[in-house]
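Given next are the chains, with one letter for each unit.
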Amino acid sequence: MLDPKTRGGSAAVHKLALPGVVFEVDGPRNHFPLAETARKTVLFGGGIGVTPMLAMARRLDALGRDFVLHYCTRSRAVTAFCQIIAHAPWKDKVIFHFDDQAPEQKLDLTRDLPPPAADTHLYVCGPQGFMDWVISGAEAAGHASANIHREYFSADVDTSGQSFEVEARRSGITVTVGPQDTIAKALARSGVKVEVKCEEGVCGTCVTDVLDGKPDHRDKFLTDDEREEGTMICACCSRSCSSKLVLDV
């Protein structure tokens, strides 16, 4: 179906996918990998965000790892995958939390977060508000940012700001990124392609190396440690704190 709100992908498929046309495609890229050697793993799924957690639970169970899955939904009546979980060999490691039931069964980060440790890993997926709450709570409890893995479906992002220059070092060009522009779009107009996908800073497709300048990170993909390093930027949404950024493109 042609999406009336297409950002280009749906329209392109309807234009190009004609009978007899052959497409060359790449394999999937995993931006939410599982640390299989972790001593303890805690999975937090909000609503349909539990989907990748089910695959992780199967894998962790097959490896014999210590893990628990916290599954949060509005109500049991709208909870997906109940039958799959009920028949899974790891069903006893799933804890359900429903918004419309007793307060004591709801997710409580002070109770349900494990103590921080180098070999303890957390995984979070779900609505942005849920994810931000779990991630900030885990960081406040002392968990290292690198051990808090996250996958956003989408995110509200403000891409506006003051104009700045971007030098594409390998391409040998410099462009101006305007107040309502993005780095990726400004470079594309000058013939420098930075691959983008989500345009919301959640997938990591557009991550580009920074050679000089100070990024203004607006994404949800990079970890706090990666932002502090200042050596990478999500070109689809982030901007610059300095008057000029030099990128390795």
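Our subject is the structure listed above.
Quick caveat, the model's predicted, so the values are computed rather than measured.

Comments concerning the sheet that holds strand β3 (residues 94-98)
- With respect to topology, five strands assemble into an open sheet ordered β3-β2-β1-β4-β5, the strand pairing being parallel. Each end of this open sheet is capped by a strand with a single partner; those strands are β3 and β5 (148-152). Direction aside, neighbouring strands of the sheet carry axes that sit 15° apart on average.
- Sheet analysis places strand β2 (residues 66-73) next to β3, joined by five bridges and oriented parallel. Note on β3: the bridge partner recorded for Leu69 is Val94.
- Relative to β5, helix α5 (residues 128-140) is tilted by about 170°, and along the sheet it contacts β1 (40-46), β2, β4 (120-126) and β5.

Considering the pairing of β2
- Counting buried positions over the eight residues of β2 gives seven, a clear majority of the element.
- In this sheet, β2 lies alongside β1 in parallel orientation, the contact comprising seven bridges. Counterpart to Lys40 in the pairing with β2 is Asp66.
- Chirality of the crossover, the property in question, places the unit of β1, helix α2 (residues 51-63) and β2 among those that are right-handed.

A word on α5
- Between its first and last C-alpha atoms α5 spans 18 Å; for 13 residues at 1.5 Å apiece the expected length is 18 Å, and the two agree.
- Burial in α5 covers these residues: Phe130, Met131, Val134, Ile135 and Ala138. Seen from one end, α5 has its buried residues packed into an arc of 120°, which puts them on one side. Opposite the buried face of α5, by more than 90 degrees, sit the exposed residues Gly129 and Ala140.
- The secondary structure elements touched by the buried residues of α5 are β1, β2, α4 (109-112), β4 and β5.

As for the nonpolar core
- Counting residues in each nonpolar core, the largest one holds 23 residues, and the members touching the most others are Val166, Ile183, Leu187, Leu245, Leu247 and Val249.
- Secondary structure elements with two or more residues in this core: β6 (164-168), β7 (173-177), α6 (183-189), β10 (232-234) and β12 (244-247).
- Among the elements that take part in this core, α6 stands out by supplying four residues, more than any other.

Comments concerning a nonpolar patch on the surface
- On the surface, Leu16, Leu18, Val21, Phe23 and Val25 cluster together into a nonpolar patch covering about 500 Å² of accessible area.
- Looking at the element boundaries, Leu18 is found in the loop between α1 (9-16) and β1.
- Among the residues examined, Leu18 registers a relative accessible area of 47% and is labelled partly exposed.

Regarding the layout of surface pockets
- Empty space within the largest pocket amounts to approximately 280 Å³.
- Along the walls of the largest pocket sit 13 residues, with Arg29, His31, Glu151, Lys197 and Cys203 positioned nearest its centre.

Criteria and thresholds
- Residues numbered from 1 in each chain as written.
- Predicted model: local features only at pLDDT ≥ 70, side-chain atom pairs only at ≥ 80, totals over all residues.
- Heavy atoms only, no water.
- Pairing = 2+ DSSP bridges.
- Helix = DSSP H or I, 4+ residues; strand = E, 2+ residues; numbered from the N terminus.
- Axes fitted to C-alpha atoms, helices over the stretch in contact; angles between N-to-C directions.
- Contact = heavy atoms within 4.5 Å.
- Buried < 20%, exposed > 50% of the residue type's maximum accessible area, 1.4 Å probe, protein only.
- Right-handed = clockwise from strand over helix to strand, strands pointing away.
- Expected span 1.5 Å × (residues − 1).
- Arc of directions from axis to C-beta.
- Core = buried A, V, L, I, M, F, W, Y, C linked by side-chain atoms within 4.5 Å.
- Patch = residues over 30% accessible without salt bridge, like charges linked within 9 Å, V, L, I, M, F, W, Y side chains within 5 Å.
- Areas by Shrake-Rupley, 256 points an atom, 1.4 Å probe, with all protein chains shown as cover.
- Salt bridge = Lys/Arg side-chain N within 4 Å of Asp/Glu carboxyl O.
- 1 Å grid on protein atoms, 1.4 Å probe; cavity = no way out; pocket = protein on both sides within 12 Å on 5 of 7 lines; lining within 4 Å.
- Points joined across faces, edges and corners; volume = space filled by probe spheres on them.

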